[in-house]
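Residue strings, one per chain:
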Amino acid sequence: MSRSQELFEKAVTLIPGGVNSPVRAFGSIGGTPRFIDRADGAYMYDVDGNKYLDFICSWGPMILGHNNPAIRESVAKAAEKGLSFGAATEAEVQMAELITGIVPSVEMVRMVNSGTEAVMSAVRAARGYTGRNKIVKFMGCYHGHSDSMLVQAGSGVMTAGIPDSAGVPAGCTQDTLSAIYNDADSVRALFETFPEEIAAVIVEPVAANMGVVPPKKGFLEELRGLCTAYGAVLIFDEVITGFRLGIDGAQGWYGVEADLTTFGKIIGGGMPVGAYGGKREIMGKVSPAGPVYQAGTLSGNPIAMAAGMTQLSILKENPEIYEELNEKGEWFYDELAGILREKGQPWQVNHVGSLGCVFFTDRPVENYADAKTSDTKKFADYFHYMLDNGVHLAPSQFEAMFLSAAHTRDELCRVLELVRGYFAAN
């Protein structure tokens, strides 16, 4: 029995499902999760000594690769002063200055501890600012596990086949309205029905929790126009796209500014951290400056700030990293799609920059309904073939693949040959 198997059998007696987040589970694909011992560059190594080319990148933040020396050094240096103070630090001010200097739409920012917390807080700020209650979200978009957002969510909820969640009272979701991603008319209809009740529209500018689904041309612009016309707040959930597509995220990529933006672990170099920020008049409503209460004892942790400032500074000062990474991504996913065509496979490859996904469906994937037509059994077979050949993908049809600056073209060529071999035999 492998060490991973031993650990998993013990874990299921101590931790629900044996994992501390459902997205790590192998429930939808079968088998045993690999327990990781260490990671470096583009690779992870499990407790049994197996080496994997990693396409999860800690769910996105390891854009420079694992165990980056500069980030590691900054963490070690900060840790010498102490791990947590629960008090204000200079690093928090420096981080806020860095983020507001990079993202034009973010005039003020508040640090939190996760993407879920960032979204929950941004939604509350939008409600407090507008004095309205209803929130529009999109089917298949995942915005963390707070009660009001677990309505037709994607990601782990989608993989588990759970449409919402037990333990969420109906009252918590009665003001959450669901629209169809890439269908601005479905949003317009909601505004026409509730013209003075919608506080905000929250969207993943690139939907990356039902696989990867790019916005259609004009979709984000129409959301911007509707929110402006009806006096609602436009929230971009950039937990995945923020500082990944480019230094100014999806807003820079698509040229559409949000009123509020949420960020995730990439701003902490992979450490547990998040943030939300936006227009000064909205953020000025957040306590202690205003009446919208939000707090966090460990928010702005000095170690996380050190890691994040180092990573963001590297990315800001070296724009060629994005240029090379996105060119590599476009090349890799185009080659992947070419192999499918070459082998006569009807599957879809969606991608934006370094984000991508193979959908096991013959239907173009533009929204949640399209994504759900995927053959998850075929994905499971493909996943295990890749894992057995040293390639670590997310254990779900409905998650993104992430490339990092550490992935080389030679390594990606090896992956393409594995894919070619798989589809030649299947």
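Scoring rules and cut-offs
- Residues numbered from 1 in each chain as written.
- Predicted model: local features only at pLDDT ≥ 70, side-chain atom pairs only at ≥ 80, totals over all residues.
- Heavy atoms only, no water.
- Helix = DSSP H or I, 4+ residues; strand = E, 2+ residues; numbered from the N terminus.
- Rg over C-alpha atoms; globule rule 2.2 N^0.38 Å.
- Buried < 20%, exposed > 50% of the residue type's maximum accessible area, 1.4 Å probe, protein only.
- Contact = heavy atoms within 4.5 Å.
- Axes fitted to C-alpha atoms, helices over the stretch in contact; angles between N-to-C directions.
- Parallel < 35°, antiparallel > 145°, perpendicular 65-115°, else oblique.
- Left-handed = near helix turned anticlockwise from the far one by under 90°.
- Nonpolar A, V, L, I, M, F, W, Y, C, P; charged D, E, K, R; others polar.
- Pairing = 2+ DSSP bridges.
- Expected span 1.5 Å × (residues − 1).
- Phe/Tyr/Trp six-rings, centres within 6.5 Å; stacked < 30°, edge-to-face > 60°.
- Lys NZ or Arg CZ within 6 Å of the ring centre and 35° of its normal.
- Core = buried A, V, L, I, M, F, W, Y, C linked by side-chain atoms within 4.5 Å.
- UniProt positions renumbered as here; feature names shortened; annotations may be inferred.

Quick look at the overall build of the protein chain now. In terms of regular secondary structure, the protein chain is built from 15 helices and 14 strands. Here the C-alpha radius of gyration of the protein chain, 21 Å, is about what a compact globule of 426 residues would show, namely 22 Å. C-alpha extents for the protein chain along the principal axes are approximately 60 × 55 × 45 Å. Counting every position in the protein chain, which comprises 426 residues, the buried fraction comes to 54%. A fraction of 71% describes how many contacts in the protein chain between residues 6 or more apart in sequence connect residues 24 or more apart.

Moving on, we get to the side chain of Gln251. Its place among the elements puts Gln251 in helix H9 (residues 249-254). Once residues lying within four places of it in the same chain are set aside, the contact partners of Gln251 are Val103, Ser105, Phe236, Glu238, Val256, Glu257, Ala258 and Thr261.

Running from amino to carboxyl end, helix H3 (residues 90-102) crosses helix H11 (residues 302-317) at an angle of 30°, the nearest separation of the two axes being 10 Å. Here H3 lies roughly parallel to H11, going by the angle between them. Of the two possible hands of crossing, H3 and H11 adopt the one that is left-handed. Listed contacts from H11 to Ala91, Glu92, Gln94, Met95, Leu98, Ile99 and Ile102 of H3 are Met305, Gly308, Met309, Leu312, Ser313 and Lys316. Per-class residue counts for the contact of H3 with H11 are eight nonpolar, three polar and two charged.

Quick look at the sheet that holds strand E7 (residues 198-203) now. The seven strands are arranged E4-E10-E9-E8-E7-E5-E6 in an open sheet whose pairing can be described as mixed. Unpaired on one side and paired on the other, strand E4 (108-112) and strand E6 (176-179) mark the two borders of the sheet. Within this sheet the neighbouring strands show an average axis-to-axis angle of 20°, counted without direction. Note that strand E5 (residues 134-138) and E7 share three bridges and pair parallel. When the bridges of E7 are listed, Ile135 appears paired with Ala200. Relative to E4, H3 is tilted by about 125°, and along the sheet it contacts E4 and strand E9 (260-263).

The subject of this paragraph is H3. The end-to-end C-alpha separation of H3 is 19 Å, in line with the 18 Å expected for 13 residues at 1.5 Å each. Of the surrounding secondary structure, the elements contacted by the buried residues of H3 are E4, E9 and H11.

Here we take up the packing of aromatic side chains. The geometry of an aromatic ring pair is captured by the separation of the ring centres together with the interplanar angle, meaning the angle of the planes. A full pass over the atoms with the stated rule returns 17 aromatic pairs. Taken together, the ring pairs in this structure connect Phe26, Trp347, Phe360, Phe379, Tyr382, Phe383, Tyr385, Tyr422 and Phe423 into an aromatic cluster. Residue placement shows Lys134 over the ring face of Phe194; its charged tip is 4.9 Å from the ring centre.

Ranked by internal contacts, the top residues of the largest apolar core, which has 63 residues, are Phe55, Ile99, Phe243, Ile267, Phe332 and Tyr382. Those elements that provide at least two residues to this core are strand E2 (43-46), strand E3 (51-54), H3, E4, H11, helix H12 (320-342), helix H14 (376-388) and helix H15 (409-425). With nine residues, the top contributor of residues to this core is H12. Look past the residues within four positions of Phe243 in its chain and what remains in contact with it is Ile63, Ile99, Ile102, Val103, Gly249, Phe263, Ile266, Ile267, Leu312, Leu315 and Tyr322.

For the rest of this paragraph, the subject is the sheet that holds strand E14 (residues 401-402). The sheet built from three strands is open, its strands ordered E11-E12-E14 with antiparallel pairing. Because the sheet does not close on itself, it has two edges, and the strands there are strand E11 (348-352) and E14. Here strand E12 (residues 355-359) pairs with E14 via two bridges, running antiparallel. Its bridge partner lying in E14, Gly356 is registered against Met401. H12 contacts E11, E12 and E14 of the sheet and is inclined by roughly 170° relative to E11.

The next subject is the pairing of E2. A two-sided burial pattern is seen for E2, the buried positions comprising Tyr43 and Tyr45 on one face and Met44 and Asp46 on the other. The pairing of strand E1 (residues 36-40) with E2 spans four bridges and is classified as antiparallel. Pairing of Ile36 across the sheet is with Asp46, part of E2. The turn joining E1 and E2, which pair antiparallel and follow one another in sequence, is formed by two residues; a positive phi near 65° is taken by Gly41. Two successive antiparallel strands, E2 and E3, enclose a turn made up of four residues, where Gly49 displays a positive phi of approximately 90°.

Right, let's talk about the UniProt feature "modified residue: N6-(pyridoxal phosphate)lysine" (unreviewed entry) in the protein chain for a bit. Look at the UniProt record and you will see "modified residue: N6-(pyridoxal phosphate)lysine" (unreviewed entry) annotated at Lys265. Summarising the element assignment, Lys265 is placed in the loop between E9 and strand E10 (274-278). For Lys265, the residues in contact, after removing those within four places along its chain, are Ser58, Pro61, Gly270, Met271 and Val273.

Position of Glu222 relative to the elements: it lies in helix H8 (residues 219-230). Between the C-alpha atoms of Glu222 and Lys378, which are 156 residues apart in sequence, the distance is 36 Å. Setting aside its immediate chain neighbours within four residues, Glu222 contacts Ala184 and Arg188.

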